[in-house]
Amino acid sequence: MRWGLRSPAAFAAVLLTAILAVAVAGCGSDSSGSDRGEVVVAAATSLKSAFTTYGEQFPDAEAQFSFAGSDELAAQIRSGAKPDIFASANTTLPDALFKEGLVERPQVFARNRLVLAVPAKRARPRSLADLAKPGVAVVIGSPSVPVGAYTRKVLERLDDAARRGILANVRSNEPDVGGISAKLTQGAADAGFLYSTDVVATKGRLQAIELPADLQPQVAYGVAIVKGAEHRSDAQAFLAGLLVGPGADALKRAGFRAPPAQ
Amino acid sequence: MTRGRWFAPSLVVALAAALTFLTLPVVAIFVRTSPANLLGALDDPGVLDALWLSLRTTLIAVAIIVVVGTPAAYLLATRTFRGHALVVTLVELPLVLPPAVAGVGLLAALGPGGIAGGAIEDAGLRLVFETAGVVVALTFVAAPFFIRGAQAAFGAVDRSWLEASRTLGAGEARTFLRVAIPAAAPGMLAGLALAWGRAVGEFGATLIFAGSFRGRTQTAPLAIYERLGTDFDAALALSAVLVAIAGALLLSAKLLGVRGVARAAR
């Protein structure tokens, strides 16, 4: 068989595929919003379900999201990408971009908690101590992504033996929370460190085990408008709604906590 | 004005645009930072681990592909049977599958909860989070490149040679080994180079199916992704090495292809 468009049948097949692809893509888009402006939001993967909900309700403009590990998004902004808003799963990345003159002054808009996440159907592991046992497959975030940095902070607060035992069981350093969550829901791994909101988003497939209070890191989410943003006024409205209004409500429903009073 | 005078220049403009667009990113990898920085960034144990792992896993994957793919391609090239076109299409399907789809499919098939996951576990095999899983992902995405090349190469071998070999008393197997393979070798090697190049560049299927762990499953493309946010120079340095490997493989595929055509013409 040759790949080519010489025969009418092959040409028809390619044409049909193209029409099908366009039709499927067309069904997914919101045709009523075509006359509105848009606001481009680069956000941490852990914000996906809350922001998607907020985006559907956001009245001023069509929200376009790009979800990835906060560190990847920051790298994109550093190499010249211009989303309107950068929402990070920590405050260090927005603060650093602010110092570099790439974003406006960041604000804290939500807090989260790091938890031990396990597949809901399994009896083990059930505690941090279980994680160090032989044969337990643990997945964590890579050191560059906030969830991985928080996880390492927790591990540093453990005693040497426990920390080394857990690290010896780490089987993958995933680039974002989506990767950790997928490995756990697919039963490929036995435990991982995620935000409590990520566990809520799996709708019962994962279960969260709270960390002892003295191990819990401060997980604060920072957001900033990117300097030179194309849709600055819509971006401001989007940001305001995150602090008070539909965005704050969506975050709360997804399990995020309100930022500390400023 | 003479009709058609615009035509030739517009071809040149189109080619110039394509060439600029397609080479600019490759050039940028080498000029974005100084050569000293590139070389310095390579002196990182994590980077070297990733390159070493990529070398090992791609070699094993290519070996598996050649051992299984050669007889499979020979069968496809020399026999016709009902459903031949369908089989060829199915074998070639991974060529056009998005790597993420390959990763999800491998997880659904061979992962712990996958349809063949139980059998894999019973056999005492572990793939997810293991180097063996990387090899599986690479084999899946790269195999069609070799099988296509080998099938075309076997198909181009003069049938009369194979018939002569059989008439002279060499069996089927001997004809395959001593006549068909040497005659098809340049085309097979060209397919092998393309398969190898695809394996070296594999990213999505590996990350989804095998995960990312230094020295065990973190191949060079995964190491590039991990460094993107924190150490762009190291990401550039690793990219530069992969460009060099990819270029060398493509060049050998081209040269072998030319040799194959020249030999067939004799």
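Residue positions within a chain follow its written sequence, with the count starting from 1. Chain letters start at A and ligand numbers start at 1, both assigned in the order the entries are written. Reporting of local features is limited, given that this is a predicted model, to residues whose pLDDT is at least 70; pairs of side-chain atoms are given and counted only at 80 or more, and all residues count toward the totals for whole chains, interfaces and linings. To get the side-chain values, take all heavy atoms of the structure and skip hydrogens and water.

(A) Up close: the overall build of chain B. Think of it this way: any DSSP run of H or I at least four residues long counts as a helix, any run of E at least two long counts as a strand, and we number them from the N terminus. The helix and strand inventory of chain B stands at twelve helices and zero strands. Along the first, second and third principal axes, the C-alpha atoms of chain B reach 75 × 65 × 35 Å. Here, residues are in contact when the closest pair of their heavy atoms is within 4.5 Å. Considering only contacts within chain B whose residues lie at least 6 apart along the sequence, 74% involve residues at least 24 apart. Carbon and sulfur atoms make up 71% of the accessible area of chain B, which totals about 14200 Å². Per-residue and other accessible areas were derived by the Shrake-Rupley procedure at a 1.4 Å probe size, with only the shown protein chains allowed to occlude residues.

(B) View of the nonpolar core. Core analysis: the largest hydrophobic core is formed by 74 residues, its most contacted members being Leu 47, Phe 51, Phe 109 and Phe 238 of chain A. For this core, the leading source of residues is strand 5 (residues 114-119) of chain A, giving five residues. Residues contacting Phe 238 of chain A, with those up to four places away along its chain left out, are Val 39, Val 41, Phe 51, Tyr 54, Phe 58, Ala 63, Phe 65 and Ile 85 of chain A. Grouping buried Ala, Val, Leu, Ile, Met, Phe, Trp, Tyr and Cys residues that are joined through side-chain atoms within 4.5 Å yields what is termed a nonpolar core. Three exposure classes are used, based on accessible area relative to the maximum for each residue type with a 1.4 Å probe and protein chains only: buried under 20%, partly exposed in between, and exposed over 50%. Of all hydrophobic cores here, the second largest spans 28 residues; its members include Ala 73, Phe 146, Met 188 and Ala 195 of chain B.

(C) Expanded view of the packing of aromatic side chains. Only Phe, Tyr and Trp rings take part, Trp by its six-membered ring, and two of them pair if their centres are within 6.5 Å. Stacked means planes under 30 degrees apart, edge-to-face means over 60, and tilted covers everything else. A full pass over the atoms with the stated rule returns 17 aromatic pairs over all chains. An angle of 40° between the planes, with centres 6.1 Å apart, marks the rings of Phe 51 of chain A and Phe 109 of chain A as tilted. Of this pair, Phe 51 of chain A sits in helix 2 (residues 48-57) while Phe 109 of chain A sits in strand 4 (residues 107-112), and the two are 58 residues apart along the sequence. Take Phe 51 of chain A: its relative accessible area is 0%, and that puts it in the buried class. With a relative accessible area of 2%, Phe 109 of chain A lands in the buried category. Taking 4.5 Å as the distance between ring centres and 35° as the angle between the ring planes, the aromatic pair formed by Tyr 54 of chain A and Phe 238 of chain A counts as tilted. Here Tyr 54 of chain A is found in helix 2, whereas its partner Phe 238 of chain A is found in helix 10 (residues 232-243), with 184 residues between them in sequence. Against the face of Phe 213 of chain B rests Arg 216 of chain B, its NZ or CZ located 4.9 Å from the ring centre. We call a charge positioned above a ring when the Lys NZ or Arg CZ atom is no farther than 6 Å from the ring centre and deviates by at most 35 degrees from the ring normal.

(D) Layout of the interface of chain B and chain A. Of the residues lining the interface, 21 residues belong to chain B; the matching set on chain A comes to 21 residues. The term buried area refers to how much accessible surface (probe radius 1.4 Å) is lost by two components on association, counted for both of them together. In this assembly, chain B packs against chain A so that about 1900 Å² is buried in total across both faces, 55% of it on carbon and sulfur atoms. Only one rule defines a salt bridge in this text: a Lys or Arg side-chain nitrogen within 4 Å of an Asp or Glu carboxyl oxygen. Joining chain B to chain A, the criterion identifies one salt bridge. In this structure, the salt-bridge partner of Glu 130 of chain B is Arg 171 of chain A, at a minimum N-O distance of 2.3 Å. Pairs of N or O atoms are called polar contacts if they sit within 3.5 Å, as long as, within protein, a hydrogen donor faces a hydrogen acceptor (for residues adjacent in sequence, only side-chain-to-side-chain pairs). There are five residue pairs in polar contact (both at pLDDT 80 or more) connecting chain B and chain A. Considered class by class, the residues forming the side of chain B that touches chain A number nine nonpolar, six polar and six charged. Ten residue types, Ala, Val, Leu, Ile, Met, Phe, Trp, Tyr, Cys and Pro, are classed as nonpolar, four, Asp, Glu, Lys and Arg, as charged, and the remainder, Gly among them, as polar.

(E) Quick look at a nonpolar patch on the surface. The patch calculation keeps residues exceeding 30% relative accessible area without a salt bridge and links them within 9 Å when they carry like charges or within 5 Å when they are nonpolar (Val, Leu, Ile, Met, Phe, Trp, Tyr). Among the surface-exposed residues, Val 26, Val 27, Phe 30 and Val 31 of chain B lie close enough to one another that they form a single nonpolar patch of about 330 Å² accessible area. When you line up the elements, Val 26 of chain B lands in helix 1 (residues 7-31).

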